[in-house]
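Fold and contact review
As a plain string of letters, each chain reads:
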Amino acid sequence: MTVTRTVLAEHHPPGQLAQPVKARSRRRRRRLGDTLAPYLFIAPFLVSFLLFFALPSVFSIVLSFFRYNGYTAARWIGLQNYRALIESPDFRQALLNTLFYWLVPLIPLLGGAFLLAVAVRSKIAKWPSVYKPLIFVPQVMAPVASALVWRVMLSNDGVLNSVLGLHVNWLTDPHFLKWGVVLLLVWRGLGWYFVVFLAGLTSVPAELLDAAAVDGAHAWARMRYIILPLMRPTILFALVIDTIASLQLFTEPNLLVGGAGSTTGAPPSAAPVMNQVVDNVTGGQFGLASAVGWLMFVAIGVFSLIQFRLFRESRR
Amino acid sequence: MSAVTAPARPARPVSQRWIGGRGAVNALLLGAGALAVYPYLVMLAGGFKTAGELTTNPGGAPSHPTVGNFRHLFSGSTGSTMWRALLNSVIVTVPFTALTVLLCAMAGYAFAKYTFHGRNLIFGLLIASMLVPVEVNIPTLYIMFTKINWLDSYQVQIIPGTASVLGMFMVRQYMRGLPDEVLEAARVDGAGHWRIFWRIALPMAAPVLGAVAVLTFVLKWSDYLWPLIMVSSPKYQPIMVALPALSTSASGFIVSYELLLAGSLIITVPLLVVFLRFQNALMNGTAAGAVRG
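Residues numbered from 1 in each chain as written. Chains lettered and ligands numbered in written order. Predicted model: local features only at pLDDT ≥ 70, side-chain atom pairs only at ≥ 80, totals over all residues. Heavy atoms only, no water.

Here we look at the overall build of chain B
Basically, it comes down to this: Helix and strand assignments come from DSSP, with helices taken as H or I runs of at least 4 residues and strands as E runs of at least 2, each series counted from the N terminus. Only heavy atoms matter for contacts: two residues are in contact if any of them lie within 4.5 Å across the pair. Where accessible areas are quoted, they stem from the Shrake-Rupley method and a 1.4 Å probe; at the residue level, only the protein chains shown are allowed to cover.
Counting its secondary structure elements, chain B contains 16 helices and 0 strands. Across chain B, the fraction of contacts at a sequence separation of at least 24, relative to all contacts at a separation of at least 6, is 71%. About 13300 Å² of surface is accessible on chain B, with carbon and sulfur atoms providing 67% of the total.

As structure tokens, this is what we get:
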């Protein structure tokens, strides 16, 4: 039915029969407009994307092979920026810190969010609709505010120490700095993955679970053979997003355990890799800063690829 | 299919056992909900406490609530910085959000409803670019904005970043579901491309545009890294940068925690209002990419 209407419209545009000559030129103009229209619609987006994302990315690859301070001429130095980074103890420590912030919260974040999502969907939860906004709400607090609030909560006379009866210097003891950040990351991030998993669970039909249960499949069997396989794309998505977000981490560690004053306040033992970019930009070492960025890109690419591979393979 | 058969079935007796004890599940959920909300309560209560009470009673309700912290933050020289920074945040966030929604809507519409040369290639490249982290661009953008004198301005906070690939993707996914017949009917009636987009496609896509707007607003309002690097003077600084800087400079080395909590409360209120009003748009936007993977 749709097809006929379209065809009819093509053959008899209004006015064609009455004024054939005028209509033909108008039709040609319209055909040109038809071709151009989609490009005009994407043009503003593409211009913004090219100017402020794509071109700067390409230039930064080039820049990463130069020594450039912003005002004197750039000098080609090959791979020296990359070598300097790999040999720098601060960079290596920052890399380890970022890996810590990625891997340590991974299980509590994704596992906890998955468990909670399954619990909410399990039909034995009271008020399931209440939990979605309730568990998501930490995500609403800006990273700045959440870091400042946790800074107060983790202070010596703060809530955590007084409730648990501890005397831990979360904000100054080098052994605990990163663990405080992990607490903040798990608190703030859990709701995000929870909502993602809730959405993913809608792809698991309740009828299928009921049928399996009737056939005698126990809770674990249903989890293992129905829920997990159907959730695989969602879990993969969550893993990739978590990797990207973790490697770009900046605000939380710096505002939670940073000292007074400076922009990248976290001490070296807790500073994320992002600080290497920011410090080198403000220090006028643009080539070095670009090299940090591209090393991070390679890391994200490799980790994402591994995750895709793992999930592809186990699908067979 | 299930709509017909479902009511006939008895009320799911077996599935009730599919994870374990009812009490354990509800206790787990209640505990998680309480832990999620508790820092909000600490912030809310702490903002109204004196410095002394915050030390002796860090987690409970204030015994003598005071608005002294807010008065301190919003009066005198501190106050002028804070008011200015709040104003800057609004000046930056509102146009940025409007611009982002417009660009995403236009591009998403074209990718959803037109076939054109290079469509799949451009779309694929845009999606792939989501793997490129912001770190990569910051050095070159910093140099670029130095050269064109954009550092320390409003435009550096409003124009870059408006081409949100995620937002465009969300609009495109939604608009693919709009019925072609309606657009075609408008075309037959003589409506031009822009008119069809503006008058017909946009109103029909209102839910996803709302989701993109809310998501963009929340992310932009909360942004710390970008203004920290690109903006240095209080004249253009948003509240997210001004507040943490204030706490350290105003009181020297000792951070006044009660002021931090009061300030955090202030910068969180707009986000909470948006969340309470548009919570479904925000949460569905969050999960947008999840189902399709």
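Describing the overall build of chain A
When its secondary structure is counted, chain A shows 14 helices and 2 strands. Across chain A, contacts joining residues at least 24 apart in sequence account for 68% of those joining residues at least 6 apart. Roughly 15400 Å² of accessible area belongs to chain A as shown, and the carbon and sulfur atoms make up 67% of that amount.

Digging into the pattern of salt bridges
Residues and elements named next belong to chain B. Just so we agree on the cut-off: Salt bridges are defined as contacts in which a side-chain nitrogen from Lys or Arg sits within 4 Å of a carboxyl oxygen from Asp or Glu.
Counting across every chain of the model gives 2 salt bridges over all chains. Note that K113 is salt-bridged to D180, the shortest N-O span being 2.9 Å. Here K113, found in helix α5 (residues 76-113), pairs with D180, found in helix α10 (residues 180-188); they are 67 residues apart in sequence, far enough to count as distant. In this structure, R187 engages E184 in a salt bridge whose closest nitrogen and oxygen atoms are separated by 3.4 Å.

A few points about the interface of chain B and chain A
Just so we agree on the cut-off: Pairing of N or O atoms within 3.5 Å defines a polar contact, subject to two protein rules: one partner must be a possible hydrogen donor and the other a possible acceptor, and residues neighboring in sequence count only if both atoms are side-chain atoms. In this count, Pro and Cys sit with the nonpolar residues alongside Ala, Val, Leu, Ile, Met, Phe, Trp and Tyr, while Asp, Glu, Lys and Arg are called charged and the others, Gly among them, polar.
Opposite the 108 residues of chain B that make contact, chain A presents 109 residues. The interface formed by chain B and chain A includes 12 residue pairs in polar contact (both at pLDDT 80 or more). When residues in the side of chain B that touches chain A are grouped by element, the largest group, 16 residues, is from helix α2 (residues 22-47) of chain B. Grouping the amino acids of the side of chain B that touches chain A by side-chain chemistry returns 73 nonpolar, 27 polar and 8 charged.

A short note on a nonpolar patch on the surface
All names here are of chain A. Counted only if it meets this: Exposure above 30% relative accessible area and the absence of a salt bridge qualify a residue for a patch, where like charges join within 9 Å and nonpolar side chains (Val, Leu, Ile, Met, Phe, Trp, Tyr) within 5 Å. Three exposure classes are used, based on accessible area relative to the maximum for each residue type with a 1.4 Å probe and protein chains only: buried under 20%, partly exposed in between, and exposed over 50%.
A cluster of nonpolar side chains, contributed by V47, L50, L51, L55 and F59, occupies part of the molecular surface with about 460 Å² of accessible area. With respect to the helices and strands, the residue L50 is situated in helix α2 (residues 20-63). Since its relative accessible area comes to 42%, L50 is described here as partly exposed.

Focus: the packing of aromatic side chains
All names here are of chain B. What counts, and what does not: Working definition: a ring pair exists when centres of Phe, Tyr or Trp rings (six-membered ring for Trp) sit within 6.5 Å. Plane angles under 30 degrees give stacked, over 60 give edge-to-face, the rest tilted.
Counted according to the given criterion, the structure contains 39 aromatic pairs over all chains. The interplanar angle of 90 degrees and the centroid separation of 5.8 Å between the aromatic rings of Y109 and Y114 together place this pair among those described as edge-to-face. You can call Y109 buried: its relative accessible area is 3%. Seen from their ring centres, Y109 and F197 are 5.0 Å apart, and the 45 degrees between their planes marks the pair as tilted.

Digging into the environment of A:Y68
With respect to the element layout, A:Y68 can be found in the loop between β1 (66-67) and β2 (75-76). What makes A:Y68 buried here is its relative accessible area of 14%. For the pair A:Y68 and A:F286, spaced 218 residues apart in the sequence, the C-alpha separation amounts to 5.7 Å. Sequence-distant contacts of A:Y68, defined by excluding residues within four places in its chain, comprise A:L63, A:A73, A:A74, A:G284, A:Q285, A:F286, A:G287, B:I143 and B:K147.

What about the confidence of the model for chain B?
Residues and elements named next belong to chain B. Rules: By definition, pLDDT measures how confident the predictor is in each residue, and it falls between 0 and 100.
The predicted model of chain B averages 87 in pLDDT, with 88% of residues at 70 or higher. Per-element averaging of pLDDT across chain B places helix α1 (residues 2-5) at the bottom with 40 and helix α8 (residues 155-158) at the top with 97. Ignoring residues within four places in sequence, the model shows residues 1-19, a span with pLDDT below 50, making 26 contacts including any to other chains. Model confidence for the complex: the whole-complex pTM is 0.87, and ipTM, which rates the interface, is 0.87.

Some points on the packing of α5(B) against helix α9 (residues 165-175) of chain B
The description of two helices packed together rests on the angle between their axes and the distance between the axes. Residues and elements named next belong to chain B. Note the threshold: Think of each axis as a best-fit line through the C-alpha atoms, taken over the contacting stretch in the case of a helix, with angles from 0 to 180 degrees between the N-to-C directions. Each angle receives one of four descriptions, namely roughly parallel if under 35 degrees, roughly antiparallel if over 145, roughly perpendicular if within 65 to 115, and oblique otherwise. Each crossing gets its handedness from the near helix: less than a right angle anticlockwise from the far helix is left-handed, clockwise is right-handed.
Look at α5 against α9: their axes get within 8 Å of each other, and the N-to-C directions meet at 45 degrees. By the angle between their directions, the pair α5 and α9 is classed as oblique. In this structure, α5 crosses over α9, and the sense of that crossing is right-handed. Contact residues: C104, A105, A107, G108, Y109, F111, A112 and K113 in α5; G167, M168, V171, R172 and M175 in α9. Here the residues of the contact of α5 with α9 are counted per class, giving 9 nonpolar, 2 polar and 2 charged.

As for the environment of A:G284
Residue and element names in this part refer to chain A. Relative to the helices and strands, G284 resides in the loop between α13 (274-282) and α14 (286-315). Spatially, the C-alpha atom of G284 lies 18 Å from that of R83, the residues being 201 residues apart in sequence. Apart from the residues within four sequence positions on either side, G284 is in contact with Y68 and N69.

Quick word on unusual backbone geometry
Most peptide bonds take the trans form, and the phi angle of most residues other than glycine is negative. A positive phi angle, near 40 degrees, is found at A:W127, a position not held by glycine. For A:W127, the location among the structural elements is in the loop between α5 (106-121) and α6 (128-136). The backbone of B:D152 sits at a positive phi, close to 60 degrees, despite the residue not being glycine. Its location among the elements puts B:D152 in the loop between α7 (138-147) and α8.

Things to note about helix α4 (residues 89-103) of chain A
Stated precisely, the cut-off is as follows: Each helix should span, by expectation, one fewer than its residue count multiplied by 1.5 Å.
The terminal C-alpha atoms of α4(A) lie 21 Å apart, and with 15 residues this matches the ideal 21 Å at 1.5 Å per residue to within 8%. Listed as buried for α4(A) are A:F91, A:A94, A:N97, A:T98, A:F100, A:Y101 and A:W102.

What about the side chain of A:Q139?
Relative to the helices and strands, A:Q139 resides in the loop between α6 and α7 (143-153). Apart from the residues within four sequence positions on either side, A:Q139 is in contact with A:R188, A:G189 and A:W192.

Details of the packing of helix α10 (residues 206-214) of chain A against helix α11 (residues 219-247) of chain A
Residues and elements named next belong to chain A. For the pair α10 and α11, interaxial distance at closest approach is 11 Å and the crossing angle is 165 degrees. The orientation of α10 relative to α11 falls into the category roughly antiparallel. The crossing of α10 and α11 is right-handed. Listed contacts from α11 to L208, L209, A212 and A213 of α10 are R222, I226, I227 and L230.

Some remarks on the environment of A:W187
Turning to its location among the elements, A:W187 is positioned in helix α9 (residues 177-201). Residue classification places A:W187 among the buried residues on the basis of a relative accessible area of 9%. Sequence spacing of A:W187 and A:L228 is 41 residues, and the spatial spacing of their C-alpha atoms is 24 Å. At 3.1 Å, the side chain of A:W187 and the backbone oxygen of B:A36 are in polar contact.

Notes on the confidence of the model for chain A
Low-pLDDT stretches of the model should not have their predicted coordinates read in fine detail. Taken residue by residue, chain A gives an average pLDDT of 86. The fraction at 70 or more is 87%. This model gives residues 1-19 of chain A a pLDDT under 50, and the stretch forms 11 contacts once residues within four places in sequence are excluded.

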